[in-house]
Amino acid sequence: MLSTNVFSETTVSSALQRVLSRFRDNSIAMIGFWVFLIYMVIALFGPLLAPYALDFQGDNLMQPPSWNPSGHVDNFFGTDDLGRDVFSRLIYGCQLTFGGGLLVVCFAAFIGIPLGVFSGMSRGVKSSILHHLMDTALSIPSLLIAIMVVSFLGPGLQNTLIAITLAQIPQFIRFTYIVVSAEIQKEYITATRLDGATHYRILKNGVLPNIADAIVFQINRSFSSSLIDITALGFIGIGAQAPLPEWGAMLGNSHDLLFSAPWTVTLPGFVIMSSILSVNLVGEGLRKAMLEGVD
């Protein structure tokens, strides 16, 4: 049908819309996004989706998954050595591992990014002191810092999340400091400052839009590192304690069943791997979409 509008208006999409459009065109990133979204839904509504209660113990010990001829559909992923439904425990564990990693990243970014921006925009003694303190903190691996803090506070999931958050904050501060310091030394920032712009205006209109892709990269890396640290501490027995179904603890408590009930080991390992992979795919897809707009 012919349009009667002679002067058709051209809609100019915003920067966010262009980034999302380029992200949707990346099929691999979209696969990671849907997997990431599934884990987010499970983390938020896990108790409503699990077929069995957290403390449920059946009579069928080490029953194979439903696709095994000896399995049953009532226990889709089988049961462990105590008769607990593996599928339900993985769903509950998503809140502890994936949701815990998300909380760690949110708190670490909320504290670390503003401090990194402040140190990057400042000069003199304040910037130098903070710079050397972060160098000292980052000389120790984050997992080792988390182990030391948990050893001091005691084992448990709550102390694990506190320890990993404390280990991630210096990384956010240091990374943000580096990208902000590099950005404010560019010529356009110097021209803006000579034009009389305030620090707030330089930060809002000049620095932050140009370091957004770097911040996304750091958040992505921190999220993956947090998931690895949470599961690692649970695996070695100083993280989440039984009967909490944290994925790393499930993996550590079932490693002796590798040959008699391999699904109790392979399934927690698979969800750990797929969750970390989905986070990396989404983060890398967003970063590429933002960089393509700059190019």
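Bear in mind the structure is a predicted one, so any value in this text is a computation, not a measurement.

Quick word on the overall build of the protein
Then, number 1: Helices and strands together make up the secondary structure of the protein, namely ten helices and zero strands.
Then, number 2: Listed by position from the N terminus, the elements making up the protein come as α-α-α-α-α-α-α-α-α-α.
Then, number 3: By residue count, 45% of the 295 residues in the protein fall in the buried class.
Then, number 4: For the protein, the share of sequence-separated contacts (at least 6 apart) that also reach a separation of at least 24 residues comes to 69%.
Then, number 5: Only carbon and sulfur atoms are counted for the fraction: they give 67% of the accessible area of the protein, which is about 16,300 Å².

As for the packing of helix 3 (residues 86-121) against helix 8 (residues 199-235)
Then, number 1: Contact pair helix 3 / helix 8: the axes reach a minimum separation of 8 Å and the direction vectors enclose 145°. Our pair here, helix 3 against helix 8, has a crossing hand that is right-handed. Of the residues in helix 8, those in contact with T97, F98, G100, G101, L102, V104, V105, I113, V117 and M121 of helix 3 are H199, L203, V207, I215, I219, S222, F223, S226, L227, I230 and T231.
Then, number 2: Classifying every residue of the contact of helix 3 with helix 8 by side-chain character gives 14 nonpolar, seven polar and no charged.

Some points on empty space enclosed by the protein
Then, number 1: Under the counting rule described, the total for this entry stands at one cavity of 30 Å³ or more.
Then, number 2: Roughly 30 Å³ of internal volume is contained in the largest cavity.
Then, number 3: Lining the largest cavity are Y52, A53, L54, F56, R84, D85, S88 and R89.
Then, number 4: Among the residues forming the lining of the largest cavity, the class breakdown is four nonpolar, one polar and three charged.

Description of the nonpolar core
Then, number 1: The biggest cluster of nonpolar side chains holds 54 residues, and the ones touching the most others in it are L90, F98, V180, V207 and W247.
Then, number 2: Of all the secondary structure elements, the ones that give two or more residues to this core are helix 1 (15-24), helix 2 (27-49), helix 3, helix 6 (157-184), helix 8, helix 9 (247-253) and helix 10 (263-294).
Then, number 3: Looking at this core element by element, the count peaks at twelve residues for helix 3.
Then, number 4: If you look at the next biggest cluster of nonpolar residues, it comprises 14 residues, including V104, L157, L161 and A167.

So, the packing of aromatic side chains
Then, number 1: Evaluation of the coordinates by the stated rule reveals 14 aromatic pairs.
Then, number 2: With a centroid separation of 6.2 Å and an interplanar angle of 85°, the aromatic rings of F23 and F33 are classed as edge-to-face. Of this pair, F23 sits in helix 1 while F33 is found in helix 2, placing the two residues ten residues apart along the sequence.
Then, number 3: On the basis of relative accessibility, which here comes to 6%, the residue F23 falls in the buried class.

Observations regarding the pattern of salt bridges
Then, number 1: This structure, assessed with the given rule, holds three salt bridges.
Then, number 2: Note that R84 and D80 form a salt bridge whose closest N and O atoms lie 2.8 Å from each other. You'll find R84 and D80 in the same group, each marked buried.
Then, number 3: Across the pair K186 and E183 runs a salt bridge, and its minimum N-O distance is 3.2 Å.
Then, number 4: On the basis of relative accessible area, K186 is assigned to the partly exposed category, the value being 40%.
Then, number 5: For E183, a relative accessible area of 6% corresponds to the buried category.

Description of unusual backbone geometry
Among all residues save glycine, negative phi is the norm, and among peptide bonds the norm is trans.
Then, number 1: The backbone phi angle of M62 is positive, close to 50°, even though this residue is not glycine.
Then, number 2: With respect to the helices, strands and loops of the structure, M62 is situated in the loop between helix 2 and helix 3.

Focus: helix 6
Then, number 1: Counted at 1.5 Å a residue, the expected span for helix 6 with its 28 residues is 40 Å, and the 40 Å between its end C-alpha atoms agrees.
Then, number 2: Of all 28 residues making up helix 6, 23 are buried, and the element is well covered by its neighbours.

Observations regarding the environment of S21
Then, number 1: Here S21 is to be found in helix 1.
Then, number 2: Among the residues examined, S21 registers a relative accessible area of 32% and is labelled partly exposed.
Then, number 3: It is 8.3 Å that separates the C-alpha atoms of S21 and A289, two residues lying 268 residues apart in sequence.

Some thoughts on a nonpolar patch on the surface
Then, number 1: A cluster of nonpolar side chains, W34, L37, V41, L44, F45, L48 and L49, forms an exposed patch at the surface whose accessible area comes to about 710 Å².
Then, number 2: Within the element layout of this structure, L49 appears in helix 2.
Then, number 3: Its relative accessible area of 45% is what places L49 among the partly exposed residues.

What to know about the environment of I211
Then, number 1: Along the chain, I211 falls in helix 8.
Then, number 2: What makes I211 buried here is its relative accessible area of 3%.

The rules behind these values
- Residues numbered from 1 in each chain as written.
- Predicted model: local features only at pLDDT ≥ 70, side-chain atom pairs only at ≥ 80, totals over all residues.
- Heavy atoms only, no water.
- Helix = DSSP H or I, 4+ residues; strand = E, 2+ residues; numbered from the N terminus.
- Buried < 20%, exposed > 50% of the residue type's maximum accessible area, 1.4 Å probe, protein only.
- Contact = heavy atoms within 4.5 Å.
- Areas by Shrake-Rupley, 256 points an atom, 1.4 Å probe, with all protein chains shown as cover.
- Axes fitted to C-alpha atoms, helices over the stretch in contact; angles between N-to-C directions.
- Left-handed = near helix turned anticlockwise from the far one by under 90°.
- Nonpolar A, V, L, I, M, F, W, Y, C, P; charged D, E, K, R; others polar.
- 1 Å grid on protein atoms, 1.4 Å probe; cavity = no way out; pocket = protein on both sides within 12 Å on 5 of 7 lines; lining within 4 Å.
- Points joined across faces, edges and corners; volume = space filled by probe spheres on them.
- Core = buried A, V, L, I, M, F, W, Y, C linked by side-chain atoms within 4.5 Å.
- Phe/Tyr/Trp six-rings, centres within 6.5 Å; stacked < 30°, edge-to-face > 60°.
- Salt bridge = Lys/Arg side-chain N within 4 Å of Asp/Glu carboxyl O.
- Expected span 1.5 Å × (residues − 1).
- Patch = residues over 30% accessible without salt bridge, like charges linked within 9 Å, V, L, I, M, F, W, Y side chains within 5 Å.

All we've got here are geometric facts, nothing functional implied.
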